[in-house]
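Structural overview
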Amino acid sequence: MSAEMILSDWTSKLAEYLQFPFVRNAIIVGVLIALCSSLLGVTLVLKRFSFIGDGLSHVAFGAMSVATVLNLSNNMYLVLPATVICAVILLAAGRRAKLRGDAAIAMVSVSALALGYLIMNLFTSSSNLAGDVCSTLFGSTLILTLSDSEVILCIAVSLIVVVLFILFYNKIFAVTFDEDFASTAGTNARAYNVIIAVIIATIIVLAMNLVGSLLISALVIFPALSAMRVFKSFLKVTICSAVLSVICTLAGMLISILAGTPVGSTIVCADIVMYAVFAVVGRLAAKE
Amino acid sequence: MSAILTCSNLTLGYENITLATDVSFEIGEGEYWCITGENGTGKTTLMKTILGLTKPLAGSVKWSDEAVKSGVGYLPQQTAVQRDFPASVTEVVLSGCQGRMGFRPFYNAQEKERAALNMERMGISDLSRRCYRELSGGQQQRVLLARALCATGKVLVLDEPVASLDPKVTEEMYELISSLNREDGITIIMVTHDPDAPARFATNELRFGQEVTCSCQLK
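Residues numbered from 1 in each chain as written. Chains lettered and ligands numbered in written order. Predicted model: local features only at pLDDT ≥ 70, side-chain atom pairs only at ≥ 80, totals over all residues.

For the rest of this paragraph, the subject is the overall build of chain A. Secondary structure assignment for chain A yields 13 helices and 0 strands. Counting across all 288 residues of chain A, residues that qualify as buried make up 47%. (Helix = DSSP H or I, 4+ residues; strand = E, 2+ residues; numbered from the N terminus. Buried ≥ 20, exposed ≤ 12 C-beta atoms within 10 Å, placed from the backbone.)

Scanning chain B from terminus to terminus reveals 9 helices and 9 strands. A compact globule built from 219 residues should have a C-alpha radius of gyration of about 17 Å, and chain B, at 17 Å, falls within 12% of that. Counting only C-alpha atoms, chain B reaches 50 × 40 × 35 Å along its principal axes. Taking all 219 residues of chain B together, the buried fraction comes to 44%. The contacts in chain B between residues at least 6 apart in sequence include a share of 70% that link residues at least 24 apart. (Rg over C-alpha atoms; globule rule 2.2 N^0.38 Å. Contact = placed C-beta atoms within 7 Å.)

What follows is about the sheet that holds strand S1 (residues 3–14) of chain B. Residue and element names in this part refer to chain B. Read from one edge to the other, the open sheet built from 3 strands follows the order S2-S1-S4, with strand pairing classed as antiparallel. A strand with exactly one partner marks an edge of an open sheet, and here the two such strands are strand S2 (17–28) and strand S4 (58–63). Averaged over all neighbouring strand pairs, the angle between strand axes comes to 15°, with direction disregarded. The pairing of S1 with S4 spans 5 bridges and is classified as antiparallel. Of the residues in S4, the one forming a bridge with Leu5 is Trp63. Across the sheet, helix H1 (residues 43–50) lies against S1, S2 and S4, angled at about 125° from S1, the strand it touches most. (Pairing = 2+ DSSP bridges. Axes fitted to C-alpha atoms, helices over the stretch in contact; angles between N-to-C directions.)

As a further point, take the packing of helix H12 (residues 234–259) of chain A against helix H13 (residues 263–287) of chain A. When two helices pack together, their arrangement is given by the angle between their axes and by how far apart the axes lie. All names here are of chain A. Two elements in contact, H12 and H13, have axes whose closest approach is 8 Å; the angle formed by their N-to-C orientations is 135°. Overall, the two elements H12 and H13 adopt an arrangement that is oblique. Taken as a pair, H12 and H13 cross one another with a handedness that is right-handed. Residues Leu244, Cys248, Thr249, Ala251, Gly252, Met253, Ile255 and Ser256 of H12 lie in contact with H13, whose contacting residues are Val263, Thr266, Ile267, Cys269, Ala270, Asp271 and Met274. Grouping the constituent residues of the contact of H12 with H13 by class yields 10 nonpolar, 4 polar and 1 charged. (Parallel < 35°, antiparallel > 145°, perpendicular 65-115°, else oblique. Left-handed = near helix turned anticlockwise from the far one by under 90°. Nonpolar A, V, L, I, M, F, W, Y, C, P; charged D, E, K, R; others polar.)

What follows is about the environment of Val66 of chain A. Residues and elements named next belong to chain A. Among the secondary structure elements, Val66 is positioned in helix H4 (residues 52–70). Its 18 C-beta neighbours within 10 Å are what place Val66 among the partly exposed residues. Val66 sits 28 residues away from Ser38 along the chain, and the two C-alpha atoms are 29 Å apart. What Val66 contacts, discounting residues up to four positions off in sequence, is Leu78 and Ile119.

With that settled, the discussion passes to H4 of chain A. Residue and element names in this part refer to chain A. For H4, spanning 19 residues, the distance from its first C-alpha to its last is 27 Å, which sits close to the expected 27 Å at 1.5 Å a residue. Taken across its 19 residues, H4 has 15 buried, putting it largely inside the fold. Asn71 sits one or two positions beyond H4 and adopts a positive phi of about 60°. (Expected span 1.5 Å × (residues − 1).)

Turning next to the interface of chain A and chain B. With 24 residues of chain A in contact, the opposing surface of chain B contributes 25 residues. When its residues are assigned to classes, the side of chain A that touches chain B shows 13 nonpolar, 6 polar and 5 charged.

Confidence in the prediction for chain A averages 84 pLDDT; 89% of positions are at 70 or higher. Looking across chain A, the model is least confident in helix H7 (residues 129–138) of chain A, with a mean pLDDT of 68, and most confident in H12 of chain A, with 92. (pLDDT = per-residue confidence, 0-100.)

Here we come to the nonpolar core. Grouped together as the largest cluster of nonpolar side chains are 147 residues, with contacts concentrated most on Ala60, Ala87, Ile200 and Ile204 of chain A together with Trp33 of chain B. No other element matches the 15 residues that helix H10 (residues 189–211) of chain A contributes to this core. Setting aside its immediate chain neighbours within four residues, Ala87 of chain A contacts Leu56, Ala197, Val198, Ile200 and Ala201 of chain A. (Core = buried A, V, L, I, M, F, W, Y, C linked by C-beta atoms within 7 Å.)

All names here are of chain B. Per the domain assignment, the segments making up chain B are domain 1 (1–71 + 153–219) and domain 2 (79–151). Between the C-alpha centres of domain 1 and domain 2 there is a distance of 23 Å. Between domain 1 and domain 2, the residue contacts involve 8 residues of the former and 6 residues of the latter. Residue contributions to the side of domain 1 that touches domain 2 peak at 3 residues, all from helix H8 (residues 167–184). (Domains from an automatic or database assignment.)

With 95% of its residues at a pLDDT of 70 or more, chain B has an overall mean of 88. Complex prediction metrics read pTM 0.86 and ipTM 0.89.

So, on to the packing of helix H2 (residues 21–39) of chain A against H12 of chain A. Residues and elements named next belong to chain A. Packing of H2 against H12 brings their axes to within 8 Å, and their N-to-C directions diverge by 150°. Put simply, H2 runs roughly antiparallel to H12. In this structure, the crossing between H2 and H12 has a hand that is right-handed. Of the residues in H12, those in contact with Val23, Ala26, Ile27, Gly30, Val31, Ala34, Leu35, Ser37, Ser38 and Leu39 of H2 are Thr238, Ser241, Ala242, Ser245, Val246, Thr249, Leu250, Met253 and Ile257.

To continue, consider unusual backbone geometry. All names here are of chain B. Positioned with a positive phi, Asn9 is a non-glycine residue whose angle comes to about 50°. By the element assignment, Asn9 lies in strand S1. We note that Glu160 has phi near 40°; this positive angle belongs to a residue other than glycine. Relative to the assigned elements, Glu160 resides in the loop between strand S6 (155–159) and H8. For Glu160, a count of 19 C-beta atoms within 10 Å gives the class partly exposed.

With that settled, consider the pairing of strand S5 (residues 72–75) of chain B. All names here are of chain B. Both faces of S5 are covered, namely the face carrying Val72 and Tyr74 and the face carrying Gly73 and Leu75. Inspection of the sheet shows S5 paired to S6 by 4 bridges, in the parallel sense. Across the sheet, Gly73 pairs through a bridge with Leu156, a residue of S6.

What follows is the structure, given as structure tokens:
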């Protein structure tokens, strides 16, 4: 087959897939999640909380197993509050906590993962336990099975996250850059840390649908890290990482539809390629 | 001269360690105070206490109404986070205006002008678009000083402003601080390790020692 034929084959295949409403839903949700998850990347990387995504998503996994066992009508009612509470404890505990930073995240994350799997194993009636666990961890096909109400919920939550981020943008910058100065200037740094924690927990619960809980950190930090290689102001880095995140997720999803690869890992691969490109561009720009 | 800050019978420390007891002093408007002493004697804790970042174990800290109204400018030491923070000079200086915003989400024209003015004052206008982390130590201190000036018109609290600066830049920094004190009447409270600083610049010194804490008039 010539390159032209492959291309036209792909285009027709893509057009065919896009006629299915669940594919369109998946793409809308994917793009929104990508946008939200990139927003707080810079803050989390700089606060040395790069692994918070992993930690919290494992908490969400644990909560999800409990919700499954309890047969709740909508898992979100348990998963979201549990994750938010853990996020607040981890991020807002402050400098006095006995266990903090990476140690606390690691501990919470493995405990939740272990307990979640244990509970699922002991109580579930599902015949395909390994498959269920695998799709929670790697995302796989979850996003293609979203119901209309889940899509609407996802759109609403994403919009709220974006609006909150824009409203608190300057304060988030101030608190991340210099917490002590922010406090002396009359900003309630503690309150903003809690707000950051709540936003990030919400994003992670949303993003679990897309890439699963093992790959979530990529979605949160990769765009920010790539943008930081090239841009020098907080505003530019934030905008660039949002754009990058949307592009990579879109590319990853389309490729995975066409090539039949797992969604989550394909998106992360797109992120890796983008990071490599930006690292090279950053190098070249520094030399000039 | 009216007092801008009154501390009475402070006990400083944290958890179950007491660093200093019965610290009382009164800082007048327009004065230049140096807080000196060995490491671990309580000078940083005192600074954090007067800034309201930590609570005193006993005693009270009282700022004058005027100081509360104008705000307190704080020049902290550099943190590890800032070393790789992607932020432009303008963004950092503008964040000094955050106390004026209240619940308004964005900076207004007046605050942007205030930031530009303070950058001008510190001689860093030409750096405004540069990345903070790529500046030299002295330039970074000027940026943080401009930010502190955005937060106040009355009083600056400086935490070892010349630590890790080379001698020439140190002199420039001291000169800058003195001129703010002299020409703009800004009250200076400076924590320092430099044994010569009090005699050269300050009007008063608060010295922390192993046993006694004394405050003395220098000029």
